[in-house]
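# Structural features, examined
Listed below, chain by chain, are the residues.
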Amino acid sequence: MNNFFLHIIRIATFLLLPLSAFSFSISGKVISVDDSLDVEHAQVTIEETNQKTFTNQKGEFSFANISSGTYTLVVHAQNKQPQKTTVVVRDKDIWVSFKLSLEITKTEVVVIEKSKNSSIGKLNAVEGTSIYEGKKSEVIDMNNTSGNKSTNNAREIYGKVSGLNIWESDGAGIQLSIGGRGLNPNRVSNFNTRQNGYDISADALGYPESYYSPPSEAIDKIEIVRGAASLQYGTQFGGFLNFNLKKGPENKKLEFTTRQTTGSWGFVNSFNSIGGTVGKLTYYAYAQRKQGEGWRPNADFSVNAGYASLQYKFSAKFKIGLEYTAMQYLAHQPGGLTDGMYKQNPQQSIRERNWFNVNWNLMAFTLDYNFSEKTRLNFRAFGLLASRDALGTLDQINRADEGTERNLLNDQYKNFGSEIRWLHYYSLWKIPSVFLIGGRYYQGQTDRKQGLADSTNQPHFTFLNAANPEFSAYTFPSRNIAVFSENIFKVSKKLSITPGVRFEYIDTRSGGYYNIENKNLAGQVIYHEQKSDNRESKRSFVLAGIGLSYDVTNNTELYSNFSQNYRSINFNDMRVVNPNFQVDPNLKDETGFTCDLGYRGSYKNFLYFDATFFYLGYNNRIGSVLKTDTTSYTVYALRTNVSDSRTYGFESLVEVDFYKWLIKGKKDMKISVFSNLSWMNASYTGSKEKAFEGKRVELVPPVLFKSGLKFKYKKFGASYQYSYTAQQFTDATNSTFTANAVNGLIPAYNVMDLSLSYTYKLFTLEGSINNLLDNRYFTRRAEAYPGPGIIPSDARSFYLTVQVKL
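Anyway, here's the lowdown on the structure attached to this text. Because the structure is predicted, anything quoted here is derived from the model rather than measured.

### Let's talk about the environment of I437
Checked against the element boundaries, I437 lands in strand β26 (residues 431–453). C-alpha of I437 to C-alpha of R421: the two residues are 16 residues apart in sequence and 5.9 Å apart in space.

The structure is reproduced here in C-alpha cells:
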C-alpha cells in the first residue's frame, strides 16, 4: 500500500513540474583493486550520451544535469582493465565505485565471477602484495551472508566453506573453533589466523590458539586459503584464515550504525560503529557489549570489545594505517558431562566453580607504497599484550567436586612481529609474470603459571602462593625468522605455473619448574618431587611448493598445487597438571605436505561451483591415545606422536540462483540454493604399534554436508540451512566409550537454522531461530576447560536484531 501511494505521488509530481526540474548527478570514485589506491586521470564515459570526464587526484568524477533513465558507464585507465556498469537514475543522485585491476591480470589469470549477491567467491590471482594463483581459496562476503551474526554462528557464516569441522563450546560464539580437512578445530589452532593481515593468536609458534576472534558484525570479508598458504603465511597444515574488518566509507564524512539484539536465556548484544572519510583520513571504530545467562546453569558470560582504525593517504602512492583492538570477556563454565549424564539431562551442570577470563590487546601499523603501476611494497608491524585465566576444578567429571582449593592457570602473552612484502609485475620473453618476495620476524614470550586458588565459587583469579605456585611456573620465549618468494610464470594465455619457496628459522625455549605428585585411590599424596626443566630447540629448514592454473573457459579454471607443511611442538602444553591427560615429553615436530586438484568457476552469473580432490600427508602426527595410570589406575589421554597419517577426500560447493536462471530480466528477486559436500578418509599408517595401524584419525567426520535456500524479494530476505556431521572418534585408539567421557564417539548430528530480515529506509529488522528442530547433540569432548567431558550444544534459541544505519 505504501508503495502504491508513493507511485501516485511520483506521477502527480511529474505531471505538475516541468521536465527541466528533473536533473540529477552521477558521481563516484575509481580505485585500484590491487593496492586500494586512487586512480587519477581515468576516463569515465556515459555511452548513451557520449559525455566524458576524467578523475581527479582523489580518483573522483562527477556528471551534472542528468535526466532520469538508465545509463552505462565505462571507465578506462592506463595499464588497467576497462570496467563497465549500469546505473538507474530515478529520483535521487547516484554514487558509484569502480575498482580496476592491472591489465596484466587479463593474461595472468581468469577472473571468475561469483553470482551477484552471493556470499562466496574466491581470491584473485594477485591481491595487493599476495599471490593466490593455483591455490584453493574461499572468500566469504559478510555483507551478503545471512544468519545470526550477533552470536557469530559459525554453522551459518562458514556454511559454504567445504570440509570444515565446527566445535560449539558456547552459544554466544565467544571463541571460534573450526578445523579443515580433519585437523583439530580447537580455537582455530591449525590455521594461521590473522586480522587485516596480521597475527592474532596467543603465540604463533608456541601456542597458536586464538582466544579472540572479531565480531561478525564488524567483518567485511573472511579469506581462507588451504594448506598451500604455507609458503607465504606460515607453515600450518590448515592454511590461512584472515578477517578483513570493515572500513569507513569514502563518500561520507560520518556513517553511524547501531545493532541491538535480544535473544534466548537473557542474551543481549549491543554493537555500535562509526566510520567515514575526512580529507585524506579514513577512520572506522566499533564498540560491543554482549552478555547472557546461557542455556545451561553456570553458563553466564559478559564480553566487552572495541576496535579503532585510522588510514591516511599522503598521495595516490603512499598511505599508512594504525589499528588497535581490545577485548575482555568473563565466562562462567558449566563443565562437561559423562555419557550417562548427557543421556539423562544434557542441560544439567555439576560444576559451578569454573571460570574463564581473557584480556586481549592488539596493535598494528601498516605502510603501503607504490613505486609504480607494476611495483608495490607493503609493511606491517604488530604486537600483542594479552592474558588468559582458567579457574576451577580439572578433576574427572565422573567425580564430584569436593569443594577444595581450585586449580588456576594463568598465561601472559607478549608478542611482536613484522612482515614486509615486495611485489613486481614484469615480462619474461614477452610473457607477463609476477614476482613476490617477503620476509618475517616474530618473537613471542608466554609466561605460564599453574597453582591453587581459593575454594569459593567466585571469579577470583589470584594464586594462594603467587611467588611459588604449587604445580608449575614457566617462561616460553620463541623467535622466528622467515624469507619467502613466489612467482607466476605464464606459459601461455591459459596456463600458468607458480613455484614458491620458504626458509624458516625457529628458536623455541622453555625455562621453569614443575611438581610431580602421585596420589593413591584415597586421594592421599604418596610421592612428591619438584623438577627444574630448561629446554631449547633451534631448527632451520626450507619448504617448497608449486601451483598450476589452466583457464578452461573465460569463467572456469582448473587448478592444482603441491605444498610442504610444518608444525612445531608447543612447549607450553607439556607441563599442565591435569588428571585427564598428559603430554609426552619427547614430542617431535610434525612435517608433511598438501596436494589439491580442483575445478571452479561460474556460468552465466547464475551458477557458481568449486570441486576439489585433496591429499594431506602427515608425518609424526600428534594425537591422543588412552593409557592407564599405574599408581591410581585411572584412564587418561596421552598426547604423543602416534604415527604417520594420510587424509584424502573430495570437497564440493554448488550454488544456483534459480530465479536468474529461469526468469530473466527481473533483478528485484533472488531464489538460490547451495549444496556443500565433503567426504574424507583419514587413517594412521606406518605405526610402530599395531594397535594404531589402520585406525581412523581422530576428529575426522567422514561426511560433512550443508545445504541451504536463500530467498530475497526487494527489501525482504529469508534463509534456511541444514547441516549434517557424521560420527567421529576422539582418540587414535578409536575408543567408543570411557568412564570420564574425555574420549569416545561423537555421534552424527544434524541441525537446521532459519533467518529472516526486512529493510525499510534506515532500519533493518532481523530474526533468527537456531537449532530449529530443537535437537540434542554435542560437537566435542574436552580434555580440560571448558570441560572435561561432553560439552552439550545449545537447544533451540531465538534472536531478534534491530539495526539503524545513518
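Still more to cover.
### A few points about unusual backbone geometry
Cis geometry marks the peptide bond from Y785 to P786, where omega comes out at 5°. You can see P786 is positioned in the loop between β40 (778–782) and β41 (789–792). With a phi angle near 55°, W265 is a residue other than glycine that sits in the positive phi range. Of note, W265 is situated in the loop between β18 (255–263) and β19 (267–278). In this structure W265 comes out as partly exposed when scored by relative accessible area, which is 27%. Residue K714 is not a glycine yet carries a positive backbone phi of 55°.

### Here we look at the packing of aromatic side chains
Following the criterion strictly, the structure yields 36 aromatic pairs and no others. With centroids separated by 6.2 Å and ring planes inclined at 45°, the aromatic side chains of F61 and F98 adopt a geometry described as tilted. Taken together, the residues F61 in strand β4 (residues 60–66) and F98 in strand β7 (residues 94–100) connect sequence positions 37 residues apart. With relative accessibility at 4%, the residue F61 sits in the buried group. Note on F98: relative accessible area 0%, which makes it buried. Of the aromatic side chains, those joined through ring pairs into one cluster are Y207, Y211, Y329, F356, W360 and Y413. For R448, the ring lying beneath its charged end belongs to Y207, and the centroid distance is 5.2 Å. Across from the ring centre of Y559, 3.9 Å away, lies the NZ or CZ of R600, which sits over that ring.

### Re the nonpolar core
Formed by 63 residues in total, the largest nonpolar core has its most connected members in Y158, I178, I222, L241, Y329 and W360. In terms of residue count, the dominant contributor to this core is strand β23 (residues 354–370) (5 residues). Setting aside its immediate chain neighbours within four residues, I222 contacts E138, V139, I140, M142, I157, Y158, L241, N242 and F243. Core analysis: the second largest hydrophobic core is formed by 20 residues, V30, A42, V44 and V96 among them.

### Looking at the sheet that holds strand β1 (residues 24–32)
Strand order across the open sheet formed by 3 strands is β4-β1-β7, with mixed pairing between neighbours. Each of the sheet's edge strands pairs with one partner strand only, and the pair in question is β4 and β7. Sheet twist, expressed as the mean angle between neighbouring strand axes with direction ignored, is 20°. In this sheet, β4 lies alongside β1 in antiparallel orientation, the contact comprising 5 bridges. Note that in β4 the partner of S27 across the bridge is S62.

Reading the values: the criteria
- Residues numbered from 1 in each chain as written.
- Predicted model: local features only at pLDDT ≥ 70, side-chain atom pairs only at ≥ 80, totals over all residues.
- Heavy atoms only, no water.
- Helix = DSSP H or I, 4+ residues; strand = E, 2+ residues; numbered from the N terminus.
- Buried < 20%, exposed > 50% of the residue type's maximum accessible area, 1.4 Å probe, protein only.
- Phe/Tyr/Trp six-rings, centres within 6.5 Å; stacked < 30°, edge-to-face > 60°.
- Lys NZ or Arg CZ within 6 Å of the ring centre and 35° of its normal.
- Core = buried A, V, L, I, M, F, W, Y, C linked by side-chain atoms within 4.5 Å.
- Contact = heavy atoms within 4.5 Å.
- Pairing = 2+ DSSP bridges.
- Axes fitted to C-alpha atoms, helices over the stretch in contact; angles between N-to-C directions.

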